[in-house]
Number of protein chains: 2
Amino acid sequence: MSEFNLEQFPISSEDKKRLDALHDALTEKSEKLLGYPSNLIYNYSDLYRFFAFSINNIGDPFKESLYGINTRAFEYEVISFFAKLYHASKDNYWGYVTNGGTEGNMYGLYLARESLPKGIIYFSQDAHYGVIKLARVLGISSITVKSQKNGEIDYEDLEKNIKTHQEPPIILATISTTLRGATDRVEKIVDILHRNAIEEFYIHCDAALGGMILPFVDHAPIFDFRMPIGSISVSGHKMIGSPIPCGIVIAYKENVDRVQRHIEFLDIHDTTLSGSRNGHSVLFLWYAIQRFGIQGFQKMIASCLDITKYAVERLKEISWDAYAQDFSITVVMKRPSEKLAKKWQLAVEKDIAHLLIMPHVSKKQIDAFIEDLKQERLPLEISEP
Amino acid sequence: MSEFNLEQFPISSEDKKRLDALHDALTEKSEKLLGYPSNLIYNYSDLYRFFAFSINNIGDPFKESLYGINTRAFEYEVISFFAKLYHASKDNYWGYVTNGGTEGNMYGLYLARESLPKGIIYFSQDAHYGVIKLARVLGISSITVKSQKNGEIDYEDLEKNIKTHQEPPIILATISTTLRGATDRVEKIVDILHRNAIEEFYIHCDAALGGMILPFVDHAPIFDFRMPIGSISVSGHKMIGSPIPCGIVIAYKENVDRVQRHIEFLDIHDTTLSGSRNGHSVLFLWYAIQRFGIQGFQKMIASCLDITKYAVERLKEISWDAYAQDFSITVVMKRPSEKLAKKWQLAVEKDIAHLLIMPHVSKKQIDAFIEDLKQERLPLEISEP
């Protein structure tokens, strides 16, 4: 028992009420979430007891640390699952659990820059908005390539741009774009590089959403280590579902070795971007992987794609413009009113909005949303008969 | 109720056993932690129910977001608490809750680089090992300045280095160094800048540990916005205590405005380094601030400093070289055996080790550790009488 007694400092009843009110508000908001790629169906209550520990996976998950309160063994299993899923070759990959897709993208682009210090990053207009910020933070020149109408990168524009620059290309391919659910085809990007006899290049896949969809669908485009890519970043809180934003990054080991420095002090290898690292997110991901496995994730994705189809059909029934691309759970639709966007928490841009058919979205919710849309179309004032 | 039924995928009893084993191991490791700056005394069980929500504070905590499942209002209060603690002037600061001290340092140095693109970073040999990595990631030239024997930056060497370079200086001051608990004196650094008529400079304070000690001790050195600094990063999981690594960064608003881009898509301001952001850590910090307040933190720090003194005395009693600096809860001591370092989870470097007298460390634990040290000194074989 420490001399410092926690019980001297009770939380006030007023503060308890504020937390209750927050709980109510979050419950309400979680009931109507159609527009963001967060899977809200999970139950991690088995893991709550671990919030009594100051878990810290500081340093390299592939090595040991003197700080014993960690979940590195579980992190290693999570990384191994994804390395296998993405066909990384046995002993030639490295990775860690990140605080989200952005950290994974930053890590991939950092490796790219260290490997090609004069490289230029190319990404499409439809790439995640955070990518421009990352290029700026890392001090890498970037070129925004046109998108096709469906949101996929415009390969002709990419080729034209690559041809007019001497510097080695770093290409960020988006595997399911934020707005339209489009997937840049890595195969076509590689074709461009080969056709132009470019030997020095780095491809990073931002697979925040698609990285947990495409591997579970037959005949989906390949974006993984079967292609000559350098790294993949995927989100953990999107399709898998996690209360805390998290993600996974997997990269070629030889690129990682370049940036590694051994720090005797903590007996760790300082390979990650963060210092102290979240070890609870590791448990969420591990728990989900153990409960679902490949077959469970297949069922999850099949269910989402099924309801995606249902949502598009229902929207078309009421003549509301909408579509979803192949291998995508993103329903692109004509933008509704601000009021409805707010009620159902839809992301909007210019004249479109989108629905993300995550595992928690039910047909019943789609029906309720359709009813709301129908109501909006009613004339505001009905003239008396 | 979603079509995707979670109950189809139970967790196996084998996996449950693995979690039980992890729980046991973490309990054991948490009982003997003397060498790391993690406060293990807390009880956030009131907050466990919030792990049923996918909280995401994506974007700028000072603005609203369409994603409703967030704790931004609480984050704003946490930031306000620290802004006040660090004497930031009302309406001229900005900040956010980070994933740890490293992210806060990266953010501060990023702002520094954007403000002084040709700047050179200066930090001492005793600065946190992650700083060199950050300079590399951000592509900023860096100069490691000598440390004094106590771990404080060598001001003469700093001045000599600054004088021999034309580029504007970016100075990272460490407020309680990792190894020796030393504090670089911002006042002396500012004197050097003034003496050399340097008008363009940026000072970032890495106050990971000291940022939650010095403000609560009378006559402690000043490192905050009463000085001409640009930003401060402080850890949340260190002195305050949090199961998940986290931190706070506070910066001058005008520097932040420079890097801000408005993203219509999510109706957010993309001012932070991360995209999706942890909203649960915000609740931990908020809860601790509400329960302790300034007076509670004062008592907490006073108790730690008291036990620090006790630990130094007890070590001296057994003639084991040890000291602690003023305003520091770090006991620097002669390195013990690997076995003891492992048992008590001590960070070691060359011939020294250190104890971090965090709020969970009791006099009883110090006594047990002293007993272990004494045992080691006994002759291994006792000759028969």
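Refer to the structure printed above.
## Considering the packing of helix α9 (residues 280–317) of chain A against helix α1 (residues 13–31) of chain B
Next, step 1: In the contact formed by α9(A) and α1(B), the axes pass within 11 Å of each other and the chain directions differ by 160 degrees. As judged from the angle between their axes, α9(A) and α1(B) are roughly antiparallel. The hand of the α9(A)/α1(B) crossing is right-handed. Residues A:L283, A:W286, A:Y287 and A:Q290 of α9(A) touch α1(B), and the partners they reach there are B:D15, B:R18, B:L19 and B:L22.
Next, step 2: Taken together, the residues of the contact of α9(A) with α1(B) break down into five nonpolar, one polar and two charged.

## Digging into the packing of aromatic side chains
Next, step 1: All told, the structure shown has 56 aromatic pairs over all chains when counted by the stated rule.
Next, step 2: Grouping aromatic residues by their ring pairs yields a cluster made of A:Y42, A:Y44, A:Y48, A:F51, A:F284, A:Y287, B:Y42, B:Y44, B:Y48, B:F51, B:F284 and B:Y287.
Next, step 3: Directly above the aromatic system of A:W344 lies the positively charged group of A:K32, at a separation of 5.7 Å from the ring centroid.
Next, step 4: The ring centre of A:F292 lies 5.8 Å from the NZ or CZ of A:R291, which sits over that ring.

## Observations concerning the side chain of B:S233
Next, step 1: Mapped onto the elements, B:S233 comes out in strand β6 (residues 231–235).
Next, step 2: Residues in contact with B:S233, not counting those within four places in the same chain, are B:G101, B:G104, B:N105, B:H204, B:C205, B:D206, B:A207, B:A208, B:I248 and B:V249.

## A look at the pattern of salt bridges
Next, step 1: If you walk through the whole model with that rule in mind, you get 34 salt bridges over all chains.
Next, step 2: A salt bridge links B:K160 to B:D157; the nearest nitrogen and oxygen atoms lie 3.6 Å apart. Separated by three residues within a single helix, B:K160 and B:D157 lie in helix α5 (residues 155–163), roughly one turn from each other.
Next, step 3: With a shortest N-O distance of 2.7 Å, B:D372 and B:K343 are connected by a salt bridge. Taken as a pair, B:D372 in helix α11 (residues 363–377) and B:K343 in helix α10 (residues 338–343) lie far apart in primary sequence, 29 residues in all.
Next, step 4: Given a relative accessible area of 16%, B:D372 falls into the buried group.
Next, step 5: Linked by salt bridges that have partners in common, A:R113, A:E114 and B:R136 make up one network.

The rules behind each value
Residues numbered from 1 in each chain as written. Chains lettered and ligands numbered in written order. Predicted model: local features only at pLDDT ≥ 70, side-chain atom pairs only at ≥ 80, totals over all residues. Heavy atoms only, no water. Axes fitted to C-alpha atoms, helices over the stretch in contact; angles between N-to-C directions. Helix = DSSP H or I, 4+ residues; strand = E, 2+ residues; numbered from the N terminus. Parallel < 35°, antiparallel > 145°, perpendicular 65-115°, else oblique. Left-handed = near helix turned anticlockwise from the far one by under 90°. Contact = heavy atoms within 4.5 Å. Nonpolar A, V, L, I, M, F, W, Y, C, P; charged D, E, K, R; others polar. Phe/Tyr/Trp six-rings, centres within 6.5 Å; stacked < 30°, edge-to-face > 60°. Lys NZ or Arg CZ within 6 Å of the ring centre and 35° of its normal. Salt bridge = Lys/Arg side-chain N within 4 Å of Asp/Glu carboxyl O. Buried < 20%, exposed > 50% of the residue type's maximum accessible area, 1.4 Å probe, protein only.

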